[in-house]
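Working through the structure, step by step
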Amino acid sequence: MTPFSFARATDADDALRLASARGGRYLGGGTNLVDLMRETIERPTALIDVTGLSSTIGERDDGGLLIGAAVRNTAVAEHAAVRARYPALARAILSGASGQIRNMATVGGNILQRTRCAYFYDNAGSRCNKRNPGEGCDAIEGFNRMHAILGASPSCVATHPSDMCVALAAFDATAHLLGADGERRLPLTELHHLPNGRPDDETLLKPGELITAVELPAERWFARSTYRKVRDRASYAFALISVAAALKIDGDRISDVRLALGGVAHKPWRAHKAEAALRGAPATAEHFRDAARAELAGAVPLSHNGFKIELAERTIVAVLQELAGEIA
Ligand SMILES: Cc1cc2nc3c(=O)[nH]c(=O)nc-3n(C[C@H](O)[C@H](O)[C@H](O)COP(=O)(O)OP(=O)(O)OC[C@H]3O[C@@H](n4cnc5c(N)ncnc54)[C@H](O)[C@@H]3O)c2cc1C
Ligand code: SF4
């Protein structure tokens, strides 16, 4: 591990000041960053602990929720308003990692956790454009069962690992950011981007920018939402495919829907094509299947992950059926 200094920020402005003075990185629960530092994949020379900042969940005047970036994952999943009004978010968080890790992990850190591509972690022997830009990607011709089927590029086929972010993307969450130029807000669906030619550049955050909170809009129908994660083991495994969905039905028609996928792309994947196909359509399995196929029409399988296309289709249909009440 490369030597580093450590400081605990007293408030958000202090965190910004410490980060710019020392060229440092923010530290949440450390459950991802410290692992990467041990492997010398990340080599910050200064860590700024931001777990003492914005650690509350508050009601907004418009009926939405504002979740501080330092709130632990467990606290979000257990919060009564989250469970009642955004159940897909609680379920997504509880499907991730382990109880101990969720107790440590923060909202900000979860959003910015890095991919679990095994070649990215193999600092000693594998080529990885995300770790060393320009050296190549061993996953493309390698063991790529967990990798992307949507939005990948010849430079990187990694997936974003967060379960929580899939639910946040479905709910149109907005990240509150603070940087040298002041405050700004960014939809979560725009915060991460696709690999294109620079998979090491993962987000639209500016250098030193701090996530201070995540805002959830006040949509009462989000209470009819869920999250399903398909994985190799019942716990402690990343998603092969996951689906976050919310459904609003008037009569026998879908009046509104939110759908996002995990385990398929370099970022939480908002399924806009499927949503467009579903709005106004009857809430039947046939229409759910057509919508899933519309979203997955652009999927490009790798040598080991072609099964993900059908798995994603089936999972989307099953989740929408569950929400529509067709399955007990
Ligand atoms: C064994 C294991 C299994 C796991 N399984 C799953 C799983 O199934 N599903 C899943 O979703 N996740 C899983 N995880 C990942 C886990 O969710 C993340 O490690 C965790 O959410 C990261 O949060 P943290 O607060 O510890 O982040 P840290 O490790 O502290 O930080 C991560 C990144 O975020 C940055 N950062 C932190 N806070 C801020 C902020 N406020 N503003 C700007 N930057 C910030 C840091 O600089 C760093 O770059 C697993 C992890 C492990 C170790
Ligand atoms: S898929 Fe991305 S993270 Fe994995 S080896 Fe290739 S470039 Fe690296």
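Quick caveat, the model's predicted, so the values are computed rather than measured.

1. Some details on the packing of aromatic side chains
Under the definition given, this model contains five aromatic pairs. Arranged with centres 5.4 Å apart and planes meeting at 75 degrees, the rings of Tyr86 and Phe171 form a pair that is edge-to-face. Of this pair, Tyr86 sits in the loop between helix H4 (80-85) and helix H5 (87-94) while Phe171 sits in the loop between helix H9 (164-170) and strand E6 (174-179), and the two are 85 residues apart along the sequence. Note on accessibility: Tyr86 and Phe171 belong to one class, buried. Arranged with centres 5.5 Å apart and planes meeting at 85 degrees, the rings of Phe120 and Tyr121 form a pair that is edge-to-face. Residue classification places Phe120 among the buried positions, given a relative accessible area of 1%. Through a chain of ring-to-ring contacts, three or more aromatic side chains come together here, namely Tyr86, Phe171, Trp221 and Phe222.

2. Concerning the site of ligand 1
By nearness alone, 33 residues border ligand 1, and Arg25, Tyr26, Thr31, Thr106 and Asp163 come closest of all. Between an oxygen atom of ligand 1 and a main-chain N or O atom of Ala97, the distance comes to 3.1 Å. A distance of 2.9 Å separates an oxygen atom of ligand 1 from a polar atom in the side chain of Lys229. Protein coverage of the free-state accessible area of ligand 1, which is 980 Å², stands at 93%. Mapped onto the shell around ligand 1, the elements with two or more residues apiece are strand E2 (25-27), helix H2 (33-38), helix H7 (107-111) and strand E8 (210-216). Here the shell around ligand 1 is built from residues that sort into 14 nonpolar, 13 polar and six charged. Looking at which domains feed residues into the shell around ligand 1, each of domain 1 (5-51) and domain 2 (226-324) gives three or more.

3. Some thoughts on the domain arrangement of the protein
By domain assignment, the protein separates into domain 1 (5-51) and domain 2 (226-324). Each of domain 1 and domain 2 has a C-alpha centre, and these two points are 36 Å apart.

4. Some thoughts on the environment of Ser162
Within the secondary structure layout, Ser162 lies in the loop between helix H8 (118-121) and H9. Among the residues examined, Ser162 registers a relative accessible area of 4% and is labelled buried. Sequence-wise, Ser162 and Asp138 are 24 residues apart; in three dimensions their C-alpha atoms are separated by 22 Å. Once residues lying within four places of it in the same chain are set aside, the contact partners of Ser162 are Asn110 and Gln113. Within the structure, the side chain of Ser162 is placed 2.9 Å from the backbone nitrogen of Cys165, a separation counted as a polar contact.

5. Quick word on the site of ligand 2
For ligand 2, the set of nearby residues contains 14 residues, the closest of which are Cys117, Cys128, Cys137, Cys156 and Val157. Among the residues making up the shell around ligand 2, the classes are represented as nine nonpolar, three polar and two charged.

6. Side note on the sheet that holds strand E3 (residues 46-49)
Pairing is parallel in the open sheet, where three strands are placed in the order E1-E3-E2. Only two strands of the sheet have a single partner each, and these edge strands are strand E1 (5-8) and E2. Ignoring which end each strand starts from, the neighbouring axes of this sheet average 30 degrees apart. Judged from the four bridges that link them, E1 and E3 form a sheet pairing that is parallel. What sits directly across from Ala7, in E3, is Ile48. Relative to the sheet, helix H1 (residues 12-22) contacts E1, E2 and E3, its axis offset from that of E1 by approximately 165 degrees.

7. Focus: the pairing of E3
Neither face of E3 is exposed, since Ala46 and Ile48 on one face and Leu47 and Asp49 on the opposite face are all buried. Judged from the three bridges that link them, E2 and E3 form a sheet pairing that is parallel. Within E3, the position partnered with Arg25 by the bridge is Leu47. Once you follow E2 into H2 and on to E3, the crossover reads as right-handed.

Quick notes on the rules
Residues numbered from 1 in each chain as written. Chains lettered and ligands numbered in written order. Predicted model: local features only at pLDDT ≥ 70, side-chain atom pairs only at ≥ 80, totals over all residues. Heavy atoms only, no water. Phe/Tyr/Trp six-rings, centres within 6.5 Å; stacked < 30°, edge-to-face > 60°. Helix = DSSP H or I, 4+ residues; strand = E, 2+ residues; numbered from the N terminus. Buried < 20%, exposed > 50% of the residue type's maximum accessible area, 1.4 Å probe, protein only. Near = heavy atom within 4 Å. Polar contact = N/O pair within 3.5 Å; in protein donor to acceptor, adjacent residues only side chain to side chain. Areas by Shrake-Rupley, 256 points an atom, 1.4 Å probe, with all protein chains shown as cover. Nonpolar A, V, L, I, M, F, W, Y, C, P; charged D, E, K, R; others polar. Domains from an automatic or database assignment. Contact = heavy atoms within 4.5 Å. Pairing = 2+ DSSP bridges. Axes fitted to C-alpha atoms, helices over the stretch in contact; angles between N-to-C directions. Right-handed = clockwise from strand over helix to strand, strands pointing away.

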